[in-house]
There are 2 protein chains.
Amino acid sequence: MADPAIDDFYAVIPAGGIGSRLWPLSRADAPKFLHDLTGSGQTLLRDTWDRLAPLSGEGRIAVVTGRAHRAAVERELPGVPDHNVFLESEPRDSSAAIGLAAAILVRREPDVIIGSFAADHVIRQTRQFEFAVRQAAAVAREGYICTIGIQPAEPSVGFGYIKQSGELIVDGAPEAYMVERFVEKPDLDTAKQYFADRSYLWNAGMFITRADVLLAELAVNEPELHAGLIELAEAWDDRDRRGPAVDRIWPGLKKIAIDYSVAEPAAEKGRLAVIPGHFDWDDVGDFASLSKLNSGGGRNELAILGEDARVLSDASSGIVVSQTKRVISLIGVRDIVVVDTPDALLVTTTENAQRVKGVVDALKLTGRGDVL
Amino acid sequence: MADPAIDDFYAVIPAGGIGSRLWPLSRADAPKFLHDLTGSGQTLLRDTWDRLAPLSGEGRIAVVTGRAHRAAVERELPGVPDHNVFLESEPRDSSAAIGLAAAILVRREPDVIIGSFAADHVIRQTRQFEFAVRQAAAVAREGYICTIGIQPAEPSVGFGYIKQSGELIVDGAPEAYMVERFVEKPDLDTAKQYFADRSYLWNAGMFITRADVLLAELAVNEPELHAGLIELAEAWDDRDRRGPAVDRIWPGLKKIAIDYSVAEPAAEKGRLAVIPGHFDWDDVGDFASLSKLNSGGGRNELAILGEDARVLSDASSGIVVSQTKRVISLIGVRDIVVVDTPDALLVTTTENAQRVKGVVDALKLTGRGDVL
């Protein structure tokens, strides 16, 4: 029998971010989290929900998303209660999104522990993920802010790292460590050192903390942002006041990642803990990552994403994403990326995958925003 | 003032052949000759017509094409008289097509000289082309079968060659030579020898000959084919008899290239002459050739074909053919070939351009003939 949900735990899913490096698959009106990028048959958002439900219970998952995505989110998550969909009038980065959820939930339940997990990451080995979250909740209950750092599978230069330090002794969290510091994306030599060292973990942006502890940290580091969120939360559960409060307060909130407003300052004060996560994780940041994810990592394989894809490949490798019913023929193209959508086509290589964002910027500048 | 047309000359344009190596641009219902492959604003067929009209006069150009292409040909060539469109019920190769034209025209005009020029080749320097044809007509008038061989621009392995031998002295043809033999597409080392030698010319499939001389040669080498064509021609100008004769005789005619049925045997007998052509010529056999043709030969250029093409390229080279209004974005792909049509997409490289025909075969075999 599966373990029961964690009593005092609330899952928060910030569902924002378009995923520009996955253009033209990801769009403003069809962001990354609304796509099936693993061939699972459902969206990443739904995968995320399914992963969290056993930990929190379905009624205790909140989604923070843009007003434009409300209908899509409710379609994907029929189990989400209306009072757990927190709508942003525009994107204000992760401090505002997670801080809003914390401020609303703490009013409903003063001792609540929240765990924030991006809507568009891919995780395999769900049992190990659950075990890490349960440990993190135990650590959070003691007043720490706890993150889950992923045990690196390779010396990646695409992620930031968390340097762990001494063991933290907490009941129910046999693998807890303190965090010494965060480090930005390294160069390859440094990444190799980190990989060999074993005390560096990938920063997957997962934070588990008592809502009141997070808000207290935010109050110290970003007092104006904190004040705005408290004011918003106070109006939130009154339907007449919520809309006007959002329109008045939200657009003025500071855009800052929660790493800077909460996690790094907490680490400096010795208030940040980490549980090493022993599971496959990917933020599917670009088409190289998507290709690897869907081809079992084989260099000579061609990954194909898309229902009814009609792909004919001769000695080609890389990834094809097919959103049309067109026949797609590849001949002798290695590590290729072909993304075929009704109004835009991308052809590049996995090596150039990081440069896709530049195209999105160029399309904006050259007046072709209709395909963004 | 331009030179007048050649009195006894009739131009023949065999407009057959799909151009499988240009799939998915070329299709059964939109063969190569019905495309603008040079950005000239008109089809290759029309370019061919415009090139020949000053030599023969508009009323003396015959087109041999499939019944399926009749409407398209007449739309492209409003000046073609109805009695100069010779319709095949199915493709039977160049001996049947050119032989039919010869057999029909010799009945109308016993001493007629015909010149046969493919509908889907690209020629620049029209003045030099005209000069070569006028010389060839002078040679043909003396009873020779005359070809125009292209002075090679590089050691190509993509074309067959014509080995010239001694000078042929004919008034009005200062550059005429006898042909020693034909040689098939060589390997690169051989092609380099040919290129250095200067007495090897590219076989561009242009034949200028008295119709009766061509038919006499065909009668010796392919008597059954010859007999069928004579019977067809005899019925041709009687509207009631033509259709039934075509249906009865045409499908049984031997499929053989005119190189084998006429040109090579004539060369062996010392009846084949050649005029070296000092003009740019290309049969646009594949996308590598199309790319070169449209980018001025620059290795680092990206050629773009297609009205209203919306292409955004970052450090890419090769060719994009756009038949849709989609935005096409290329990032860091070198020598790429992207052909974007409403129902099929091809991605390959110029290096693999010759392998496109294999895809067409594979599509037939795998039941995707709808896009051929």
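Residues numbered from 1 in each chain as written. Chains lettered and ligands numbered in written order. Predicted model: local features only at pLDDT ≥ 70, side-chain atom pairs only at ≥ 80, totals over all residues. Heavy atoms only, no water.

Another point: the overall build of chain A. Assigned secondary structure in chain A consists of 11 helices and 17 strands. Relative to a compact globule of 372 residues, whose C-alpha radius of gyration would be 21 Å, chain A shows 21 Å and is just as compact. A principal-axis box enclosing the C-alpha atoms of chain A has dimensions of 60 × 50 × 45 Å. Counting every position in chain A, which comprises 372 residues, the buried fraction comes to 58%. Within chain A, contacts between residues separated by at least 24 positions form 68% of all contacts whose residues are at least 6 apart in sequence. Of the charged side chains in chain A, 40 are positive and 55 negative; the average position of the first set lies 3 Å away from that of the second. (Helix = DSSP H or I, 4+ residues; strand = E, 2+ residues; numbered from the N terminus. Rg over C-alpha atoms; globule rule 2.2 N^0.38 Å. Buried < 20%, exposed > 50% of the residue type's maximum accessible area, 1.4 Å probe, protein only. Contact = heavy atoms within 4.5 Å. Lys, Arg positive; Asp, Glu negative; His and termini not counted. Charge placed at Lys NZ, Arg CZ, Asp CG, Glu CD.)

On to the relation of the copies chain B and chain A. Here chain B sits on chain A after a turn of 180° about the axis and a move of 0.1 Å along it, with an RMSD of 0.1 Å. The operation mapping one copy onto its partner corresponds to a two-fold rotation axis. By C-alpha distance to the rotation axis, the residue of chain B lying nearest is Val347 of chain B, at 4.2 Å. The fraction of interface residues of chain B whose copies in chain A are also interface residues reaches 100%, indicating that both copies meet through the same surface. (Least-squares fit on C-alpha atoms with pLDDT ≥ 70 in both.)

Bringing the sheet that holds strand β17 (residues 344–349) of chain A into the picture now. The strand order across the open sheet formed by six strands is β12(A)-β14(A)-β16(A)-β17(A)-β15(B)-β13(B), and the pairing between neighbours is mixed. Edge positions in the sheet fall to β12 (302–305) of chain A together with β13 (310–314) of chain B, since each has one partner strand and no second. On average, adjacent strands in this sheet sit at an angle of 10° to one another, irrespective of strand direction. Relative to strand β15 (residues 327–331) of chain B, β17 of chain A runs parallel, the two being bridged by four bridges. For Leu345 of chain A, the partnering residue across the bridge sits in β15 of chain B and is Ile328 of chain B. In this fold helix α10 (residues 287–294) of chain A packs onto β12, β14 (318–322), β16 (336–340) and β17 of chain A, with an angle of close to 95° to the strand it touches most, β14 of chain A. (Pairing = 2+ DSSP bridges. Axes fitted to C-alpha atoms, helices over the stretch in contact; angles between N-to-C directions.)

Now for helix α11 (residues 356–365) of chain A. Buried residues of α11 of chain A: Val356, Val359, Val360 and Leu363 of chain A, and no others. Seen along its axis, α11 of chain A keeps its buried residues to an arc of 100°; they face one direction. Summarising the geometry of α11 of chain A, the exposed residues directed more than 90 degrees from the buried face are Lys364 and Leu365 of chain A. Those residues of α11 of chain A that are buried are in contact with α10 and β17 of chain A together with β13 and β15 of chain B. Just past α11 of chain A, the residue Gly367 of chain A takes up positive phi, approximately 75°. (Arc of directions from axis to C-beta.)

Let us look at the pattern of salt bridges. Counted according to the given criterion, the structure contains 49 salt bridges over all chains. Residues Asp247 of chain A and Arg67 of chain A are paired through a salt bridge, measuring 3.1 Å at the closest nitrogen-oxygen approach. With a gap of 180 residues between them, Asp247 of chain A in helix α8 (residues 239–249) and Arg67 of chain A in the loop between β2 (61–66) and α2 (70–76) connect regions that are remote in the sequence. The salt bridge partner of Asp370 of chain B is Arg310 of chain A, with a shortest N-O separation of 3.3 Å. Residue Asp370 of chain B is located in the segment after α11 (356–365), and its partner Arg310 of chain A is located in strand β13 (residues 310–314); the two belong to separate chains. (Salt bridge = Lys/Arg side-chain N within 4 Å of Asp/Glu carboxyl O.)

Once that is clear, we can look at unusual backbone geometry. In this model, Trp23 of chain A is joined to Pro24 of chain A through a cis peptide bond whose omega is 5°. The backbone of Arg198 of chain A sits at a positive phi, close to 70°, despite the residue not being glycine.

Let's shift gears to the interface of chain B and chain A. Listed per partner, the contact involves 37 residues of chain B and 37 residues of chain A. Where chain B abuts chain A, roughly 2800 Å² becomes buried across the two surfaces, and 59% of that area is made up of carbon and sulfur atoms. Considering only the side of chain B, the residues that lose the most area to chain A are Arg326, Ile331 and Leu345 of chain B, jointly responsible for 24% of the buried surface there. Connecting chain B to chain A are six salt bridges. Among the salt bridges present, the one from Asp340 of chain B reaches Arg326 of chain A, with a minimum N-O distance of 2.8 Å. Here chain B and chain A share 22 residue pairs in polar contact (both at pLDDT 80 or more) between them. (Buried area = accessible area lost by both parts, 1.4 Å probe. Polar contact = N/O pair within 3.5 Å; in protein donor to acceptor, adjacent residues only side chain to side chain.)

Time to look at the packing of helix α3 (residues 93–108) of chain B against helix α7 (residues 223–236) of chain B. Residues and elements named next belong to chain B. Contact geometry for α3 and α7: axes closest at 9 Å, N-to-C directions at 45°. The angle between α3 and α7 places the two elements in the oblique class. α3 and α7 meet at a crossing whose hand is right-handed. Mapping the contact onto sequence places Ser95, Ala96, Gly99, Leu100, Ala103, Ile104 and Arg107 in α3 and Leu225, Leu229, Ile230, Leu232, Ala233, Glu234 and Trp236 in α7. The residue inventory of the contact of α3 with α7, partitioned by class, reads 10 nonpolar, two polar and two charged. (Parallel < 35°, antiparallel > 145°, perpendicular 65-115°, else oblique. Left-handed = near helix turned anticlockwise from the far one by under 90°. Nonpolar A, V, L, I, M, F, W, Y, C, P; charged D, E, K, R; others polar.)

Residue and element names in this part refer to chain B. Within the secondary structure layout, Glu268 lies in helix α9 (residues 258–268). According to the relative accessible area criterion, Glu268 is exposed, its value standing at 72%. C-alpha separation for the pair Glu268 and Glu180, spaced 88 residues apart in sequence, amounts to 7.4 Å.

We now examine the domain arrangement of chain A. Often, the extent of an interface is quoted as the loss of accessible area on bringing the components together. All names here are of chain A. Per the domain assignment, the segments of chain A are domain 1 (9–282) and domain 2 (287–371). Spacing between the C-alpha centres of domain 1 and domain 2 amounts to 29 Å. If you look at the interface, domain 1 gives 16 residues, while domain 2 gives 22 residues. When domain 1 packs against domain 2, the two sides together hide about 1600 Å² of surface, and 60% of this comes from carbon and sulfur. Our enumeration of links across domain 1 and domain 2 arrives at two salt bridges. Glu154 is the partner of Lys292 in a salt bridge, and the nearest nitrogen-oxygen pair spans 2.8 Å. At the surface where domain 1 touches domain 2, the tally comes to eight residue pairs in polar contact (both at pLDDT 80 or more). (Domains from an automatic or database assignment.)

Residue and element names in this part refer to chain B. Of all seven residues making up strand β1 (residues 9–15), seven are buried, and the element is well covered by its neighbours. Here four bridges tie β1 to strand β4 (residues 113–116), and the two strands are oriented parallel to one another. Looking at the pairing, Phe9 lines up with Ile113 of β4. In the classification by handedness, the crossover that spans β1, the intervening helix α1 (residues 44–56) and the parallel strand β2 (residues 61–66) is right-handed. (Right-handed = clockwise from strand over helix to strand, strands pointing away.)

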